[in-house]
Structure formats: C-alpha cells, structure tokens
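# Inside the fold
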Amino acid sequence: MKSIWIALSFCATALFAAETDASQDSAGESRLTDLLKSIETRVDDAYRLALQKNTDSNLVFVARGVRANRTTKTIEIDAHTTGLQNGDISEFYLITLNSGHDYEAFLQTFATAIDIRKAFDFLNIPTGRPVDYDSYTFWSRGERIEATVSFDGAPATPLMDYIRNKETGKPYQDPTFVYIGGTKSPTGDALDIDSSGPGSLISCYNEKLTLLDVPRTAVQEEVYEKNVLSTNAPKQPGVPALIVLKPESRPATAPLRVREVDFSLSKNGISLDGADPVSIVEAVKRLNAFHTGDKQDVFLKVRWDDDVSMRDIQSLSRLLEKLDSAGQGIRIDAPPKGFPYAKAFLPRDEWRDRTKRFSQPCELRLETDENGTQTVILVQITEEWKDEQIKPDLSFAEHAVAKPEDLPGLLEKYAPKDLNVLLVFVPGTLPYGTLRPYLDISNKTHSLVQIFVD
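Residues numbered from 1 in each chain as written. Predicted model: local features only at pLDDT ≥ 70, side-chain atom pairs only at ≥ 80, totals over all residues. Heavy atoms only, no water.

### Brief notes about unusual backbone geometry
Put simply, the rule reads: Strands are runs of DSSP state E lasting at least 2 residues, helices are runs of H or I lasting at least 4, and numbering of each runs from the N terminus.
At Lys295, a position not held by glycine, the phi torsion is positive, near 55 degrees. Its location among the elements puts Lys295 in the loop between helix 5 (280-292) and strand 17 (297-304).

As structure tokens, then:
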C-alpha cells in the first residue's frame, strides 16, 4: 500500500510540476507578446512622428522603423535587443522580425529589409554582391558602411563591439561592414531577404542572403560558435536600440571602394585592364597602390593566354593566393567565363595518392611522350567495400579520349553520379590552350576542377 501511495504522490508531484512549467511557459510567452506589442507601439509612434516632422521627401526618406537623411548621409534603424546573454552564440548583429533566428541574434527590428534597401537607394549607395561559393565568389563585395548603436539614448558605440571572438576574447577589429543590398523582385516592392534565408540584415558570417556582411572571409561552418555576445551588451530583451549606418569616411575625390581589375598573364608579363604588360613585381606594386593609396578593395578577374604554360599559371596562382587576404586588400574574384578559378592550380598534393582521397572522381590525364605525341586518358576509379574494411579496395580503368567532343559522353558513362569534380593531371610545359577545349566542354557537368601540374 505504501508503495502505491508513493507512486501516486510521485505522479501528483510530476503532474503539478508539469502544470507549473506550462503555467510559467504561458506566462513567459504572454510577457514576451506584451513586450513586442509595446515595442511595436513605440516604433509606430516614432514612424508617425517622423512623417509629421520630415515633410521634404527630397531630403528625408521615412518608413516604418527606418529613416534616411541625404544631408547627413545617415540611415537610422529602430531596433531592440533579443535577450541574448553574455557568451551566447551570435550569428547575426541584426535580423528582421520574421527571421526566426532571434535565439542567435543580438538585435531585431520591425523595419523590413526592402525598406532599409530603399533607404540605401535613397542615398545613392550602389549595391554590392554576396559570397557565392558555387561560382567561386569567396569575398563579399560592396561599399563599406560604418555602424553604431545606442541603447535607451546612451552615447553611440560601434556595433562591432558587441560581438566578440570567443578564441581571442575580443571584438573583431573590422571598422566597417560590406553593403550587399539583396535582390529586388521584378516590381521592386519586395526583397529576397524578407522572404528567404535567415532574415539577416547584418550578419556575423558570410551569408549569401544578407543586407550587410562582414568584410573578411568568414565561412559559417568555420566560425560557428566562435562569435559570441560580449559582456558589455544589454542582456534584457526589448531594450530600445538606435542603429545608425553611414558610408565610411572617404575624401570627396576618392573613387568608390570596389575596384575590379582585369588581370591577364601572357608570355610578356602581366597586363592590368588591357594596359601594356609589365613584370609581376610592377603589377603587384600597382595593385597595392589601388588599395593603400585609393583605399580600394581590388577584385581580380584572372585570365591567361593560351600559350602560357601550366607551370607559369601555377606559379602565378601561388603568388595570388598570398595576396588574397583582407590585409592586402587584393582578392581573387570569380573567374571570367572560360577560365578555371586560379586556385584550381593549387590542389592538395596528397590527393595524388588515390587512397588519401575522401571520394573518387574521374581523372583526366594529358600526357606527352618523348616524341611529342600527346595522349588524353579518362581514368575511372571504382571503390569496393568489403566487410569490416576501414578503407575500400580501389580498381581503375583507362578510357582513351580521342578528341574533346568525346569527353562529355565518357563522363556521363563512367564518372560517379552527383559528383561534379574532375581531377586533371598535366605536364608543366603544356600550353593552357591544349587543355582549354577539354575544360570548356566538360564545365557544364564538372565545373569543379583540380589541376595537378607535374
């Protein structure tokens, strides 16, 4: 009998606890709803007041939660804290209200992405371009924007100060964000950020769908858990915040921040934007002048002539890889049509050993014998997994490629499905023009190439 009473008592206690938890959850949700309503009322009151105060539509743009001023060249955004705590993972500085990512965002706003985009358009700030790894765009690109935030009327401080690097314990030292702008609908009255993606307005990592991005390479998978809320950030949800955005300070005569440069390698040297070829040392000197002198971010469209050797292209790629950093201000941009990404010539050398690869794409081998006769072979590698084996057994078959036009059919027949990778092996002395037809014709299905130069 005693055991029955204990069991009944336990059940009653558990039921009471569950009801208490449910009651607390309900009360918490009610408080949050009331808080959002009060914030919304405050934003709407500020909106009506701004409409009454600013009647000159040529000087001031006003929308719900956002204002732009052509005289001061500033954009103000009404925001509020989400309640993130010190040390919590922070993926975003600012998100839209319908984002659903308030659990990993510092601030939130009732302003829509399209209205903030319109504010940027009102100030004639050109849109940029986000990262897009599928097209080898590893750097966000756009004009630089300074951002400050003030809480409850306190003095403004840099927005960057409120997210820190967990490994260093310090905020990131980026003084500005990169303006991307998003993509408008055909009618111009909607923005992709409001309906797709995480609703990011200011991201802590390189997000493809965001209004503003960080000015460094920050792949989400690599920086996740490294970005956390700083100790100086307000912890309570609903604290009013005023974000002020403005273009970075630049001399009136200075060019725009973004500079695209056509960078072409020939046997005579390096040509910048079609100018006469110069030495690689002189070319780098001129590129550095764009960055240090004009304070520009230089994006290189890298190409080379057909008669340039594979070894020379590889040597150039090694140099460009060193320059491709935020400190240098020189970035390798997405390749021009008909050219592979420059870093394709710098694959991991260990992948020459088939047993060290994590998958087995086909190999395209261009070989020249001592008589100068060239052969092209597609190598198919097959994995056979046996019980209790840690690694599979590998077998291979070689298929002659008589002409470039034969390659797509061979890839369709022998390449692994849903793997768009092609490993290419070439002699260092081979002119690029010999390889080009094979890359051009296979690009549609095998756009990710890794070129091993022997």
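Next comes the rest of the description.
### Quick word on the pairing of strand 3 (residues 74-81)
Taken residue by residue, a regular strand's side chains alternate between the two faces of the sheet. Operational definition: For each residue, the accessible area found with a 1.4 Å probe, counting protein chains only, is set against the maximum for its type, and the residue is called buried under 20%, exposed over 50%, and partly exposed in between. Strands were regarded as paired on the criterion that DSSP finds at least two bridges between them.
Summarising burial for strand 3: seven of the eight residues are buried, a large majority. Two elements, strand 2 (residues 66-69) and strand 3, share four bridges in a ladder whose sense is antiparallel. Within strand 3, the residue paired with Asn69 across the bridge is Thr74. From the end of strand 2 to the start of strand 3, which pair antiparallel, there are four residues, and Lys73 there has a positive phi angle of about 55 degrees. Pairing of strand 3 with strand 14 (residues 240-247), which is carried by six bridges, proceeds in the antiparallel orientation. When the bridges of strand 14 are listed, Glu76 appears paired with Val244. Of the strand pairs in this sheet, strand 3 and strand 5 (residues 105-109) are connected by three bridges, and their pairing is antiparallel. Looking at strand 5, one finds that Thr81 is bridged to Leu107.

### Side note on the packing of aromatic side chains
This is how it is decided: Here is the rule: rings of Phe, Tyr and Trp (six-membered ring for Trp) pair when centre to centre is within 6.5 Å. Planes less than 30 degrees apart are stacked, more than 60 are edge-to-face, and the remainder are tilted. Distance and angle both matter: a charge sits over a ring if NZ of Lys or CZ of Arg is within 6 Å of the ring centre and within 35 degrees of the ring normal.
Applying the stated criterion across every chain, the model contains 17 aromatic pairs. Between the aromatic rings of Phe151 and Tyr162, the centroid separation amounts to 5.4 Å while the plane-to-plane angle is 80 degrees, which identifies the pairing as edge-to-face. One end of the pair, Phe151, is in strand 6 (residues 144-151); the other, Tyr162, is in the loop between strand 7 (157-158) and strand 8 (163-165), with 11 residues separating them in the sequence. Judged by its relative accessible area of 7%, Tyr162 is buried. Consider the rings of Trp304 and Phe345, whose centres lie 5.6 Å apart with planes at 85 degrees: the pair is edge-to-face. One end of the pair, Trp304, is in strand 17; the other, Phe345, is in the loop between strand 18 (330-332) and strand 19 (362-368), and 41 residues separate them in sequence. An aromatic cluster of at least three residues, connected via ring pairs, comprises Tyr133, Tyr136, Phe138 and Tyr341. When the ring centre of Phe339 is taken as reference, the NZ or CZ atom of Arg436 above it lies at 4.8 Å.

### With respect to the layout of surface pockets
Quick reminder of the rule: In the cavity and pocket records, a cavity denotes points on a 1 Å grid over the protein atoms alone where a 1.4 Å probe fits but cannot get out, a pocket denotes an open set with protein on both sides within 12 Å along at least 5 of 7 lines, and lining residues are residues with an atom within 4 Å of a point. Grid points are joined across faces, edges and corners, and a volume is the space filled by probe spheres set on the points. Residues are grouped as follows: Ala, Val, Leu, Ile, Met, Phe, Trp, Tyr, Cys and Pro are nonpolar; Asp, Glu, Lys and Arg are charged; every other residue, Gly included, is polar.
Taken as a whole, the largest pocket holds about 910 Å³ of empty space. Around the largest pocket, the lining comprises 35 residues; the ones closest to its centre are Tyr133, Tyr136, Phe138, Tyr341 and Leu448. For the lining of the largest pocket, the elements supplying multiple residues, two or more each, are helix 8 (432-442) and strand 23 (448-453). Residues belonging to the lining of the largest pocket are distributed by class as follows: 19 nonpolar, eight polar and eight charged. If you add up the space inside the second largest pocket, you get close to 480 Å³. Surrounding the second largest pocket, 19 residues form its lining, Lys73, Pro247, Glu248, Arg250 and Leu256 being those nearest its centre. For the lining of the second largest pocket, the residue count by class is 10 nonpolar, two polar and seven charged.

### Section: the sheet that holds strand 23
Note: strands within a sheet are paired through backbone hydrogen bonds, in either parallel or antiparallel orientation. We apply this condition: Convention adopted: a line fitted to C-alpha atoms gives each axis, helices being fitted over their contacting stretch, and angles between N-to-C directions are expressed from 0 to 180 degrees. It only takes one pair of heavy atoms within 4.5 Å for two residues to be counted as in contact.
Taken in spatial order, the five strands line up as 21-20-19-22-23 in an open sheet, and their pairing is mixed. The sheet is open, and its two borders are formed by strand 21 (393-400) and strand 23, each paired with just one other strand. For this sheet the average axis-to-axis angle between neighbouring strands, irrespective of direction, equals 25 degrees. Where strand 19 lies against strand 22 (residues 421-426), four bridges are found, and the strand directions are parallel. Bridging across to strand 22, Glu363 finds its partner in Leu423. The sheet strands contacting helix 7 (residues 407-414) are strand 19, strand 20 (374-384), strand 21 and strand 22, and the helix crosses strand 20 at an angle near 10 degrees.

### Overview of the pattern of salt bridges
To be explicit about the condition: Just to be clear on terms, a salt bridge is a Lys or Arg side-chain nitrogen sitting within 4 Å of an Asp or Glu carboxyl oxygen.
Applying the stated rule across the entire model yields 32 salt bridges. Asp121 is the salt-bridge partner of Lys184, the closest N and O atoms lying 2.8 Å from each other. Of the two residues, Lys184 sits in the loop between strand 10 (177-179) and helix 3 (192-195) while Asp121 sits in helix 2 (residues 113-122), which places them 63 residues apart along the sequence. Of the residues examined, Asp121 reaches a relative accessible area of 25% and is grouped as partly exposed. The partner of Arg365 in a salt bridge is Glu363, and the shortest N-O contact between them spans 3.0 Å. Accessibility expressed as a relative area gives 0% for Glu363, which makes it buried. When salt bridges that share partners are traced, they join Arg129, Arg141, Glu260, Lys301 and Asp333 into one network.

### With respect to the side chain of Arg257
This is how the line gets drawn: Any N or O atom pair separated by 3.5 Å or less is treated as a polar contact, with the protein-specific requirement of one donor-capable and one acceptor-capable atom, and with residues adjacent in sequence counted only for side-chain atom pairs.
Tracing the sequence through the fold places Arg257 in the loop between strand 14 and strand 15 (258-266). By relative accessible area, which is 11% here, Arg257 ends up buried. In terms of polar contacts, Arg257 uses its side chain to reach the side chain of Glu248, at 2.8 Å. Contact partners of Arg257, with chain neighbours within four places excluded, come to Gly142, Glu143, Arg144, Glu248, Arg250, Lys295, Gln296 and Asp297.

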